[in-house]
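# Structural overview
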Amino acid sequence: ESPLFFGTHPNAEIGFRTAQCKRIFDLLHMLQPKDGTGGEESDAGVQSSWRAEEMCSEILDEVRDVKFATEDTARSLTDEDKGPYQFVFLQECDA
């Protein structure tokens, strides 16, 4: 549920979503295999990490130079549509 549903300030949603994402990543980190026994299982873990890094590199190569039309997006949003997420989105796309 969004904090806006409970009558809190729109900026509270940014903190709420940030905490929610942190909790999800902490859970994902906790679920990763943690054996250091060596052998085939460690090799599989290394190969999985290597493959994940390769995929991330491929994705970054494809999207690194992508530019969003943030001016058009900003103009298309009404004042009622602009909330903290929209402002952060537009700022991050310009960075």
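Residues numbered from 1 in each chain as written. Predicted model: local features only at pLDDT ≥ 70, side-chain atom pairs only at ≥ 80, totals over all residues. Heavy atoms only, no water.

### Overview of the overall build of the protein chain
Counting its regular elements, the protein chain contains 4 helices and 0 strands. Walking the protein chain from its N terminus toward its C terminus, one meets helices and strands in the order α-α-α-α. Within the protein chain, the fraction of its 95 residues that count as buried is 8%. (Helix = DSSP H or I, 4+ residues; strand = E, 2+ residues; numbered from the N terminus. Buried < 20%, exposed > 50% of the residue type's maximum accessible area, 1.4 Å probe, protein only.)

### Focus on the packing of helix H1 (residues 11-31) against helix H4 (residues 84-94)
Two elements in contact, H1 and H4, have axes separated by 8 Å at closest approach and are oriented at 70 degrees. Between H1 and H4, the interaxial angle falls into the category roughly perpendicular. For the pair H1 and H4, contact is made by Asn11, Glu13, Ile14 and Arg17 and by Pro84, Tyr85 and Val88, respectively. Residues of the contact of H1 with H4, tallied by class, amount to 4 nonpolar, 1 polar and 2 charged. (Axes fitted to C-alpha atoms, helices over the stretch in contact; angles between N-to-C directions. Parallel < 35°, antiparallel > 145°, perpendicular 65-115°, else oblique. Contact = heavy atoms within 4.5 Å. Nonpolar A, V, L, I, M, F, W, Y, C, P; charged D, E, K, R; others polar.)

### Side note on H4
For H4, the set of buried residues is Pro84, Leu90 and Cys93. Against the buried residues of H4 lie H1 and helix H3 (70-76).

### Thoughts on the side chain of Thr70
Note on placement: Thr70 falls in helix H3. Exposure remark for Thr70: the relative accessible area of 8% places this residue in the buried category. Beyond its immediate chain neighbours, meaning those up to four positions away, Thr70 contacts Leu90, Cys93 and Asp94.

### Notes on a nonpolar patch on the surface
Taken together, the side chains of Ile24, Phe25, Leu27, Leu28, Met30 and Leu31 present a nonpolar region at the surface, about 650 Å² in accessible area. Mapped onto the fold, Leu27 is located in helix H1. (Patch = residues over 30% accessible without salt bridge, like charges linked within 9 Å, V, L, I, M, F, W, Y side chains within 5 Å. Areas by Shrake-Rupley, 256 points an atom, 1.4 Å probe, with all protein chains shown as cover. Salt bridge = Lys/Arg side-chain N within 4 Å of Asp/Glu carboxyl O.)

### Observations regarding the confidence of the model for the protein chain
Mean pLDDT over the protein chain: 78, with 83% of residues reaching 70 or higher. Mean pLDDT across the secondary structure elements of the protein chain bottoms out at helix H2 (residues 39-63), with 76, and peaks at H1, with 85. (pLDDT = per-residue confidence, 0-100.)

### What about the pattern of salt bridges?
A complete count under the given rule lists 4 salt bridges for this structure. Here Asp26 and Lys22 are joined by a salt bridge, their closest N and O atoms 3.1 Å apart. Of this pair, Asp26 and Lys22 both sit in helix H1, separated by 4 residues, roughly a single helical turn. Among the residues examined, Asp26 registers a relative accessible area of 42% and is labelled partly exposed. When the shortest N-O distance is used, the salt bridge between Arg64 and Asp61 registers 3.5 Å. By relative accessible area, which is 55% here, Asp61 ends up exposed.

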